[in-house]
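Examining the three-dimensional arrangement
Residues per chain, in single letters:
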Amino acid sequence: MPTMRMILTTAALLALGLAGGEVAVLLGLPMPWMLGSLAICAGLVLLVKPRVLEGYAFPMRFRSGFVALIGVMIGTQVTPELLRLAGELPWTVGGLILFVFLAHMGNMAVFQRLGGYDRATAFYAGTPGGLMESILLGEGAGADTRILTAQQFLRIIVTITVLPLALSLWMGEPVGSAAGLALASGDAAPADALGIATIAVAAFAGMLGAKMLRLPAAQLTGPMLIAAAATLSGVIDLHLPVWMIAAAQMVIGVSLGLRFQGLSMALLRRSAWLSVISVSYMLALGAGFAAVLTAITGLEWLHLLISFAPGGVAEMSVIALSLAANPALVSLHHILRILLTVVELTLLAKVLGLKRAA
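Here's what I pulled together on the structure shown here. In this text, all values refer to a predicted model and were calculated from it rather than measured experimentally. (Residues numbered from 1 in each chain as written. Predicted model: local features only at pLDDT ≥ 70, side-chain atom pairs only at ≥ 80, totals over all residues. Heavy atoms only, no water.)

Now for the overall build of the chain. Helix and strand counts for the chain stand at 16 helices and zero strands. Over its C-alpha atoms, taken along the principal directions, the chain stretches across nearly 55 × 55 × 45 Å. Across the 358 residues of the chain, 53% fall into the buried class. Excluding contacts between residues fewer than 6 apart, the proportion of contacts in the chain whose partners are at least 24 apart in sequence is 77%. Carbon and sulfur atoms make up 69% of the accessible area of the chain, which amounts to about 15600 Å² in all. Side chains of the chain carry 19 positive and 15 negative charges; the gap between the two charge centres is 15 Å. (Helix = DSSP H or I, 4+ residues; strand = E, 2+ residues; numbered from the N terminus. Buried < 20%, exposed > 50% of the residue type's maximum accessible area, 1.4 Å probe, protein only. Contact = heavy atoms within 4.5 Å. Areas by Shrake-Rupley, 256 points an atom, 1.4 Å probe, with all protein chains shown as cover. Lys, Arg positive; Asp, Glu negative; His and termini not counted. Charge placed at Lys NZ, Arg CZ, Asp CG, Glu CD.)

This brings us to the nonpolar core. Counting 108 residues, the largest nonpolar core has Phe 99, Ile 160, Leu 258 and Phe 260 as the members making the most contacts within it. Per-element accounting of this core gives the leading share, 11 residues, to helix H8 (residues 145–171). With near-sequence residues (within four places) excluded, Phe 260 lies in contact with Ala 42, Val 45, Leu 46, Leu 154, Ile 157 and Leu 268. (Core = buried A, V, L, I, M, F, W, Y, C linked by side-chain atoms within 4.5 Å.)

In this section: the pattern of salt bridges. Applying the stated criterion across every chain yields a total of one salt bridge. Measuring nitrogen to oxygen at the nearest pair gives 3.7 Å for the salt bridge that ties Arg 146 to Asp 144. (Salt bridge = Lys/Arg side-chain N within 4 Å of Asp/Glu carboxyl O.)

Attention shifts here to unusual backbone geometry. In this structure, Lys 49 takes a positive phi of about 50 degrees despite not being glycine. Along the chain, Lys 49 turns up in the loop between helix H2 (32–48) and helix H3 (60–75). With a relative accessible area of 55%, Lys 49 lands in the exposed category. Backbone geometry at Arg 214 places phi at a positive 60 degrees, although glycine is not the residue there. Tracing the sequence through the fold places Arg 214 in the loop between helix H10 (193–213) and helix H11 (218–233). Assessed through its relative accessible area of 77%, Arg 214 is described here as exposed.

If you want it as structure tokens, here you go:
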């Protein structure tokens, strides 16, 4: 697609996402900017199927820039209190290792027995993290990439849809209002041009540095580390204005909604109900681990539940931000979940004899 056409198409999709977010706000939905933009863009590609989107792919570098802003926001939540939790991490990381294995095996059973998937497809579709790694390794092992891709993306989408709704019902009010952030510490965000420029530089420098160091989820971890260092030192105030966080949520929502492009309704229906079962199982499993670890460590159950939820790193970090649920702790566990999943699936693939296809 020509560059100018891609820019105009992206701008139109963002405008549509903005409208979806506004409607979600009016309806009082949780995480309105992310879920509203996701829903309206998913409806566009599934129901309308405009010809202008043929050959179009949402620019992921553009998305990464907004994910980097979320990383900066998370970094500003790092406080000396978080560092004092280091003694509890061996317990939570140990629980995460067991969670990854049990979630993967349970999902594999769901996809094989209820979905009728072959072993390779069920194995790689059932991983509780590592979306791109699972797709690439699964393709090499002969898995059905259409099913694998659909299940992995639906894992994230169902999680970030179900969890805020469930938490809203439990808490009695929509979570993630006011652009997905309660800003419990007060909205001290800089609104002037210099403050915005400083945030942008920190996000770009962090993302670039993390990529050079080959850190996992570089677009999130790099900016997070830079913002954390700035916050702890007190040198620079990098708190984001609410409108910038809303924009980041909207961009993430639009890009996720467009993932439905090219999926047949038959495949989507089949994958969706299996995903609901799979995600429900993982959320229940995570809730159980959170309850046990709360009793052992004294950490808040809600924080641990979000830490164990099987969504994407950026998306779960946004949910943590919206609840002021120690987003730095949540992001750390989700990055570890991805690393542990990649290690686990690589080792288990050898044990189960899932060798690379010729």
